[in-house]
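Residue-level listing of the chains:
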Amino acid sequence: MKLFANALLLFFSASAAAIEPPAHGQSAWMLADVTTGKVEMRHQDEVLMKPASTQKLVTVLAGALALGPDWHYETRLHYRGDVSQGRLTGDLLIDFAGDPTLTREQLVSLLRRSGIRHISGKVLLNQYRFTGYNKGNGWSWNDLGVCYTAPAAALILDRNCVQGALYARTGSPARATVPAHQPISVSADVAVLKHAEREQSFCELELEMTPANHYHLTGCIGPRKEPWPLRFAIQDVSHWGKQLTGWALQQTGIQLSGRIEDSRIDASSWPALSSHQSPPFTELAEQILVHSDNLYADSLLRTLGALHFQQPGSFRNGTQAVREILKTQANIDLGPSWLADGSGLSAHNLLRAKDLMAVLLTISQDPRAQWLIARLPVSGESGTLRYRKSVQGPALKGRVIAKTGTIAHVQNLAGFIDTSHGERKAFVLLQNGLSISPEQSDAMAAGKLEWPARRFERNWLEGITERASIVSTNQ
């Protein structure tokens, strides 16, 4: 550690205590000039670490190279049988494409544009475009009920997510609600307890999920005047799709003689009736990078697998597609790094700082990808960097353009930084294995201690802005 601290002192005019990374964890970083690609500082850049959402940079770059800024999802209506004067004698197929922007209202519009008013057969909800699990390997089981792990299925409507509320008033059990128009059910057996009572009983809010999208809350929660917001990730995609499609048929006045059923059919040879396009990839990429949207990123990953290998997309072929696209189109070899999803949510993901640096340099230098820079969060101004405390000070506000990456025990940042001398640098800062003692946690809650990872991140970044050039090192 002493050698490490001394090495940092060569670059930053700060004390060793101020720039020393958090104890017991693991850190890696790189700094490079965006124009020349020359590496100016590196530390453990070959070590495999959990990337968290900085992995979205990898996924989005592959999308930019393979698809281009104008690409979009397309959801289509197909049919088999005969159509005459608004009557379909046969089956209607909704070919879902994994469009994360598709809403129930847009489904209504798509059905209206078909011109169909009566269907003698079935309505088929087609999910042929994707195959395999709709959730990534290594996603934490107790996160699956929350919307940031909503299933990245081919069938996505209203983000496969429902908002609700939990009312918790002192003296009575908590009460859970969802809007009446949402086709899910929620119940609660939750005690409302003060902080000391919750600590003594080791009690917390827990969620049980059963088929047909029923959610049951148990445990306890603290009192609150305003309702606690809830966001439930849909578990039964089939039931969700059937319920919303039935609602959409009612809204359009289409009469259905048969049933709404699931299907996995290659319908490319079926005649088409109408289609709906998502916003272009420029807007999709901004949602992924600025708002760190997991659903958008993982649907993109599976789509890349489908298009690259000309087969239904999965997490497995999607991750392989990303590797091949980056290698063949950008000469980025991910080597021993491991990709389990496109969002960085999985605990199985492993990347090196050098991998992320190669991605950043490609984004800054390749005309096919340079537009991505404008889709990154800006410190103190937008997205996940708008309120990130490490970059709120005057030395960093507006100067950091980067992707955040945060999961349990991980705090990462990768992107670009403008120095006080007008230079732009690409940087990667990975911090894994972060943890503190219960006593330190209490001190943080009381405002007596700053989160060590945040302090190190701020000091590391401020040290870069203060220097025009940083001498190369292999430390």
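Caption draft 1: Representation of the nonpolar core. Membership of the largest hydrophobic core comes to 57 residues, with the highest contact counts inside it found for Phe281, Leu326 and Leu372. Listed by contribution, the elements that provide at least two residues to this core are strand 1 (26–33), helix 3 (55–67), helix 7 (281–290), helix 8 (294–309), helix 9 (315–330), helix 10 (353–365), strand 17 (410–418) and strand 18 (424–432). Looking at this core, the element that brings in the most residues is helix 3, giving eight residues. Not counting residues up to four positions away in its chain, the partners in contact with leucine 372 are Val60, Leu61, Ala64, Ala285, Leu289 and Ile363. Counting 41 residues, the second-largest nonpolar core is a separate cluster that includes Leu88, Leu107, Ala176 and Leu244.

Caption draft 2: Examining the sheet that holds strand 1 more closely. Across the sheet, five strands lie side by side as 2-1-18-17-16; this open sheet has antiparallel pairing. Lying at the two open borders of the sheet, with one neighbouring strand each, are strand 2 (39–43) and strand 16 (400–407). Adjacent strand axes in the sheet meet at a mean angle of 5° when their direction is disregarded. As judged from the eight bridges shared by strand 16 and strand 17, these two strands associate in the antiparallel manner. The residue bridging lysine 403 from the neighbouring strand is alanine 414, located in strand 17. Here helix 10 sits on the sheet and contacts strand 1, strand 17 and strand 18; the angle it forms with strand 18, its principal contact strand, is near 155°.

Caption draft 3: Structural view of the sheet that holds strand 10 (residues 206–210). The strand order 9-11-10 describes an open sheet built from three strands, whose pairing is mixed. Two strands close off the open sheet at either side, each with one partner strand: strand 9 (185–192) and strand 10. In this sheet, neighbouring strand axes are inclined to one another by 10° on average, regardless of whether the strands run parallel or antiparallel. Two elements, strand 9 and strand 11 (residues 214–221), share eight bridges in a ladder whose sense is parallel. Its bridge partner lying in strand 11, valine 186 is registered against tyrosine 215.

About the criteria used
Residues numbered from 1 in each chain as written. Predicted model: local features only at pLDDT ≥ 70, side-chain atom pairs only at ≥ 80, totals over all residues. Heavy atoms only, no water. Core = buried A, V, L, I, M, F, W, Y, C linked by side-chain atoms within 4.5 Å. Buried < 20%, exposed > 50% of the residue type's maximum accessible area, 1.4 Å probe, protein only. Helix = DSSP H or I, 4+ residues; strand = E, 2+ residues; numbered from the N terminus. Contact = heavy atoms within 4.5 Å. Pairing = 2+ DSSP bridges. Axes fitted to C-alpha atoms, helices over the stretch in contact; angles between N-to-C directions.

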